[in-house]
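# Breakdown of the fold
As a plain string of letters, each chain reads:
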Amino acid sequence: MSKVLVVTGGSRGIGAETALLAAARGYVVCINYYKNKAAADAVVDQIKSAGGKAIAVAADVSRESDVKDLFKTVDEKLGQISALVNNAGILEKQIRVEDIDEVRLHRVFAANVFGSFLCAREAVRRMSTKHGGYGGAIVNVSSAASRLGSAGEYVDYAASKGAIDTLTIGLSREVAEEGIRVNAVRPAFIYTDMHADGGEPGRVDRIKESLPMKRGGQPIEVANAILWLLSEEASYTTGTFIDLAGGK
Ligand code: NAP
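Residues numbered from 1 in each chain as written. Predicted model: local features only at pLDDT ≥ 70, side-chain atom pairs only at ≥ 80, totals over all residues. Heavy atoms only, no water.

## Concerning the site of the ligand
Taken together, 31 residues surround the ligand, and among them Ser-11, Lys-35, Asn-87, Tyr-157 and Thr-192 come closest. In the environment of the ligand, a nitrogen atom lies 2.9 Å from a nitrogen or oxygen atom belonging to the side chain of Asp-60. One nitrogen or oxygen atom from the main chain of Phe-189 is found 3.4 Å from an oxygen atom belonging to the ligand. Considered on its own, the ligand offers 900 Å² of accessible surface; in the complex 96% of this is hidden by protein. (Near = heavy atom within 4 Å. Polar contact = N/O pair within 3.5 Å; in protein donor to acceptor, adjacent residues only side chain to side chain. Areas by Shrake-Rupley, 256 points an atom, 1.4 Å probe, with all protein chains shown as cover.)

This is how it looks when you write it as structure tokens:
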């Protein structure tokens, strides 16, 4: 029986690369997206043309009703879920803390933190042996920002990723004897569209010379780590992190 994986924010960037690699490794994949249906459908088409099985499902992960519907759709169309990648995330324009307002804080924490909690909840309800499930694995996509702080850029985003690190540790211990492993990756300086949302599309190239490796990272390098954490090769690994930040 194929393993069923939900990738949130699977339409672009790290999520899309993770979905494609997972499908190539035999997972049946649900590609969740927010607004960009065309991009999500393109990932599904690529998986199907390579002989895999995938669906695209729209859901705003920060909305509880959307998340419930997302997982119900997976139950009905793909069957028992065995893996979740909590990848959907946002950042906003680079500003200092003294200029941050409440509305922005709600947006960032709702998408990055509430979204990951809500999706983890739905996954645990289905995968935990305590609820009659068969176990599984969750990988949260945090960021090196959680330990670097993103001063002068987006401390709110960095703090939201700090919450993801804590979710990873706490949830991993909560469900460890219920067959579920919970780990996180902490990427940084990866070539995706996200930096344009911060107002600086060329951010990775600006920063790369300051990194020990002197280069930015590619989404596939993050996807490789995610797939390892999901796999049986990581069977004794839970509550921990893989940093993918060029040595920073
Ligand atoms: P990206 O290219 O901007 O893609 C973001 C993805 O998240 C898209 O698929 C988007 O869907 C989806 N999304 C956004 N808000 C959502 C919501 N409310 N509900 C559901 N889906 C939502 O970003 P990325 O760089 O690949 O980032 C992926 C993850 O890696 C994020 O958690 C980010 O914080 C983390 N990360 C990235 C970097 C980096 O350097 N790129 C570094 C550290 C951590 P649509 O296509 O529909 O808009």
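## Focus: the side chain of Arg-104
Among the secondary structure elements, Arg-104 is positioned in helix 4 (residues 102-127). Once you skip the residues sitting within four places of it in the chain, Arg-104 turns out to touch Glu-92, Lys-93, Ile-95, Glu-153, Tyr-154 and Asp-156. (Helix = DSSP H or I, 4+ residues; strand = E, 2+ residues; numbered from the N terminus. Contact = heavy atoms within 4.5 Å.)

## Observations regarding the pattern of salt bridges
Throughout the structure, instances matching the rule amount to 19 salt bridges. Notably, a salt bridge pairs Lys-208 with Asp-205, separated by 3.4 Å at the nearest N-O pair. With a relative accessible area of 25%, Lys-208 lands in the partly exposed category. Using a relative accessible area of 41% as the deciding quantity, one classes Asp-205 as partly exposed. (Salt bridge = Lys/Arg side-chain N within 4 Å of Asp/Glu carboxyl O. Buried < 20%, exposed > 50% of the residue type's maximum accessible area, 1.4 Å probe, protein only.)

## Quick notes on helix 1 (residues 13-24)
Relative to the 16 Å expected for 12 residues at 1.5 Å per residue, helix 1 spans 17 Å between its end C-alpha atoms, a close match to the ideal helical length. Those residues of helix 1 that sit buried are Ile-14, Gly-15, Ala-16, Thr-18, Ala-19, Leu-21, Ala-22 and Ala-23. Next to the buried residues of helix 1 lie strand 1 (4-7), strand 2 (28-33), helix 2 (37-49), strand 4 (83-86), strand 6 (180-187) and helix 9 (219-230). With its phi angle positive at about 100°, Gly-26 sits one or two positions after the end of helix 1. (Expected span 1.5 Å × (residues − 1).)

## Points about the pairing of strand 2
Extensive coverage of strand 2 is indicated by the burial of 6 of its 6 residues. Because side chains alternate across strand 2, one face comprises the buried residues Val-28, Cys-30 and Asn-32, and the other comprises Val-29, Ile-31 and Tyr-33, equally buried. The sheet contact formed by strand 1 and strand 2 spans 4 bridges and is parallel. Following the sheet pairing, Leu-5 is matched in strand 2 by Val-29. In terms of handedness, the path from strand 1 via helix 1 over to strand 2 forms a crossover that is right-handed. In this view, the connection linking strand 2 to its parallel neighbour strand 3 (residues 54-58) by way of helix 2 has right-handed handedness. (Pairing = 2+ DSSP bridges. Right-handed = clockwise from strand over helix to strand, strands pointing away.)

## Quick word on the packing of aromatic side chains
For any pair of aromatic rings, the description consists of the separation of the ring centres together with the inter-plane angle of the planes. A complete count under the given rule lists 1 aromatic pair for this structure. The ring of Phe-241 carries the charged tip of Arg-186 above its face, separated from the ring centre by 4.2 Å. (Phe/Tyr/Trp six-rings, centres within 6.5 Å; stacked < 30°, edge-to-face > 60°. Lys NZ or Arg CZ within 6 Å of the ring centre and 35° of its normal.)

## Examining the sheet that holds strand 6
The 7 strands are arranged 3-2-1-4-5-6-7 in an open sheet whose pairing can be described as parallel. Both outer strands of the open sheet, strand 3 and strand 7 (241-244), are each paired with one neighbouring strand and no more. The average undirected angle you get between the axes of adjacent strands in this sheet is 15°. Bridge count for strand 6 against strand 7 is 4 bridges, and the pairing is parallel. (Axes fitted to C-alpha atoms, helices over the stretch in contact; angles between N-to-C directions.)

## Here's the deal with the nonpolar core
Soluble globular proteins tend to pack their nonpolar side chains together in the buried interior. Membership of the largest hydrophobic core comes to 32 residues, with the highest contact counts inside it found for Leu-5, Tyr-27, Val-29, Ile-31, Val-185, Ile-226 and Leu-230. Contributions of two or more residues to this core are made by strand 1, helix 1, strand 2, helix 2, strand 4, strand 5 (136-141) and helix 9. Considering every element that reaches this core, the biggest residue donor is helix 9, with 7 residues. Beyond its immediate chain neighbours, meaning those up to four positions away, Leu-5 contacts Ala-22, Tyr-27, Val-28, Val-29, Cys-30, Ala-83, Leu-84, Val-85 and Leu-230. If you look at the next biggest cluster of nonpolar residues, it comprises 29 residues, including Ala-59, Met-127, Ile-164 and Ile-180. (Core = buried A, V, L, I, M, F, W, Y, C linked by side-chain atoms within 4.5 Å.)

Such coordinate-based values are descriptive only and should not be taken to indicate function.
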